[in-house]
Amino acid sequence: MNISIQTVRLALAALLTLTLACGLNLPRQAQAKETDAIKVLVSTFPVYQFTRNVAAGSKLVQVELMIPAQLGCPHDYALTPQDMRKLAETEVFIVNGLGLEEFLGAPLKKANPRLQLIDSSKGISEILAYDDEENAELDEHHEDAHGTAHQHRKSEAVQSKEQHAHNGGLNPHLFASPRMAALQVANIATGLAAIVPAEEALFERNAQTYITKLKALDAELQELGKRLANPRIVTQHGVFDYLARDMGLEIVAVIAAHPGQDPSAAEALQLVRTIKVKKAGAIFTEPQYPNSIAHTIAGESGIPAALLDPVANGPQLEAPLDYYERTMRTNLQTLANTLGTK
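Residues numbered from 1 in each chain as written. Predicted model: local features only at pLDDT ≥ 70, side-chain atom pairs only at ≥ 80, totals over all residues. Heavy atoms only, no water.

## Some remarks on the confidence of the model for the protein
Item 1. Summing up the model confidence of the protein, the mean pLDDT is 84 and the portion of residues at 70 or higher is 79%.
Item 2. Low pLDDT (under 50) marks residues 12-34, which in the prediction has one contact with non-local residues, meaning those over four places away or in another chain. (pLDDT = per-residue confidence, 0-100. Contact = heavy atoms within 4.5 Å.)

## Considering the packing of helix α2 (residues 45-55) against helix α7 (residues 200-227)
Item 1. Two elements in contact, α2 and α7, have axes separated by 7 Å at closest approach and are oriented at 125 degrees. Considered as vectors, α2 and α7 are oriented oblique to each other. Across the interface between the two elements, F50, N53, V54 and A55 of α2 pack against L202, F203, N206, A207 and Y210 of α7.
Item 2. Among the residues making up the contact of α2 with α7, the classes are represented as seven nonpolar, two polar and no charged. (Axes fitted to C-alpha atoms, helices over the stretch in contact; angles between N-to-C directions. Helix = DSSP H or I, 4+ residues; strand = E, 2+ residues; numbered from the N terminus. Parallel < 35°, antiparallel > 145°, perpendicular 65-115°, else oblique. Nonpolar A, V, L, I, M, F, W, Y, C, P; charged D, E, K, R; others polar.)

## Some thoughts on the pairing of strand β3 (residues 92-95)
Item 1. Going residue by residue along β3, you find V92 and I94 tucked away on one face and F93 and V95 tucked away on the opposite face as well.
Item 2. In the sheet, strand β1 (residues 38-42) pairs with β3 via three bridges, with the strands oriented parallel. Within β3, the position partnered with V40 by the bridge is V92.
Item 3. Bridging between β3 and strand β4 (residues 116-119) involves four bridges; their strand directions are parallel. Bridging across to β4, I94 finds its partner in I118.
Item 4. As a crossover connection, the stretch from β3 through helix α4 (residues 106-111) into β4 is right-handed. (Buried < 20%, exposed > 50% of the residue type's maximum accessible area, 1.4 Å probe, protein only. Pairing = 2+ DSSP bridges. Right-handed = clockwise from strand over helix to strand, strands pointing away.)

## Things to note about the nonpolar core
Item 1. Of all hydrophobic cores here, the largest spans 60 residues; its most connected members are I94, F203 and Y324.
Item 2. Among residues more than four places away in sequence, those in contact with I94 are V40, L41, V42, S43, V47, T51, I118, I188 and L192.
Item 3. Judged by nonpolar contacts, the second largest core, of 14 residues, contains A268, I275, A298 and I303. (Core = buried A, V, L, I, M, F, W, Y, C linked by side-chain atoms within 4.5 Å.)

## Focus on the pairing of strand β8 (residues 232-235)
Item 1. Looking at chain direction, β8 and strand β9 (residues 250-254) are connected through four bridges and run parallel. From the neighbouring strand, T235 faces β9, where its bridge partner is V254.
Item 2. The parallel pair β8 and β9 is bridged by helix α8 (residues 241-247), and the resulting crossover is right-handed.
Item 3. As paired elements, β8 and strand β10 (residues 282-285) share three bridges and run parallel to each other. Counted as the bridge partner of V234 is I283 from β10.

## Some points on unusual backbone geometry
Item 1. Of note, E126 is a non-glycine position whose phi angle comes to about 60 degrees, a positive value.
Item 2. Tracing the chain through its elements places E126 in the loop between β4 and β5 (141-143).
Item 3. Note on E126: relative accessible area 30%, which makes it partly exposed.
Item 4. Positive phi values are uncommon outside glycine, yet V311 reaches one of about 60 degrees.
Item 5. Looking at where V311 falls in the secondary structure, it is placed in the loop between β11 (305-307) and α11 (323-339).

## Remarks on the sheet that holds strand β2 (residues 61-65)
Item 1. Strand order in this open sheet of four strands is β2-β1-β3-β4, and the pairing throughout is parallel. Each edge of the open sheet is held by one strand with a lone partner, namely β2 and β4. Strand-to-strand twist in this sheet, taken as the mean axis angle between neighbours without regard to direction, amounts to 25 degrees.
Item 2. In the packing of helix α6 (residues 178-195) onto the sheet, the strands contacted are β1, β3 and β4, and the crossing angle to β4 comes to about 160 degrees.

## Observations concerning the packing of aromatic side chains
Item 1. In total, this model carries four aromatic pairs according to the counting rule given.
Item 2. The interplanar angle of 50 degrees and the centroid separation of 6.4 Å between the aromatic rings of F50 and Y210 together place this pair among those described as tilted. Taken as a pair, F50 in helix α2 and Y210 in helix α7 lie far apart in primary sequence, 160 residues in all. The same class applies to F50 as to Y210, namely buried.
Item 3. By the ring-pair criterion, three or more aromatic residues cluster together here, those being F50, Y210 and Y324. (Phe/Tyr/Trp six-rings, centres within 6.5 Å; stacked < 30°, edge-to-face > 60°.)

## Describing the pattern of salt bridges
Opposite charge on two side chains lets them pair, provided their charged atoms get close.
Item 1. The full count for this structure, using the stated rule, is seven salt bridges.
Item 2. The salt bridge partner of K86 is E64, with a shortest N-O separation of 3.7 Å. Taken together, the residues K86 in helix α3 (residues 81-89) and E64 in strand β2 connect sequence positions 22 residues apart.
Item 3. On the accessibility criterion, K86 (18% relative accessible area) is buried.
Item 4. Across the salt bridge formed by R329 and E220, the nearest N and O atoms sit 2.6 Å from each other. With R329 in helix α11 and E220 in helix α7, this pair connects stretches of sequence that are 109 residues apart.
Item 5. The class of E220 is partly exposed, set by a relative accessible area of 33%.
Item 6. Shared partners join several salt bridges into a network, and the residues in it are E126, R179 and D246. (Salt bridge = Lys/Arg side-chain N within 4 Å of Asp/Glu carboxyl O.)

Written as structure tokens, this is what we have:
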């Protein structure tokens, strides 16, 4: 049987074409699947962690953080060109809400008018206000999900310090309280399920699992709050107000009139006087802000200073899914060691 050279060449060319087609087909399919996934952008690190837990195992959503994890609370943040590009390319944007993302405003609509927004604070009650007179009362009470009454006290010094306002004076730091964080998680799951109904069961299952963990963490913190030898504390800014309310702590003073802004010499002296009069047990600093002033005030007041992490920021590399719980349990131990137990 005679086979011409031309026939062999044609056969080889056909085989090569088939091989290349088969070899390139899988990457194209994989790429198509990635492209088909709905892009979900999250504003801040703690809400990003909550969203990652809700969406864990999903093939239909791709979760990304907008603000660098190390930044923390975006009180003075300004959108970058890279942020604008991310917003333009995403389909869903999840925010903390309550004015924490003040930097967005009009640029958000300009970047992507078709963007679907999920506000993790939507519909949550028991919201605290920086400048609400009710929150300065010494006899404010609330009941938790277990029906246990707690007292959250704020001195006049706190009220005068907390005039920096977000969205009409509302305190946006829900995430620093596991109890309030659980409500944010529920909102995130509901919002994602409405946009991606095919994954509703997954989102609901993941959310309930995570909420159970957060409620257990909240119960541990509340139990510790009842045993602390001295529940009176000083904080750097209003990030721990919800946690203090849940644990029954009294915030007798706040160091920064605006997050990251050091007090004047006169204000520092007044803080020392307030701390001594109110018999505060400790000053708690945050990893996001410098702590030198806080340590100076602590030294002048004769009380310890320690680091308490609201999980507003995180590591540069991707944090583990349980990073929030680990950090909060470290906080629990720090509170017990610094304030003592009875």
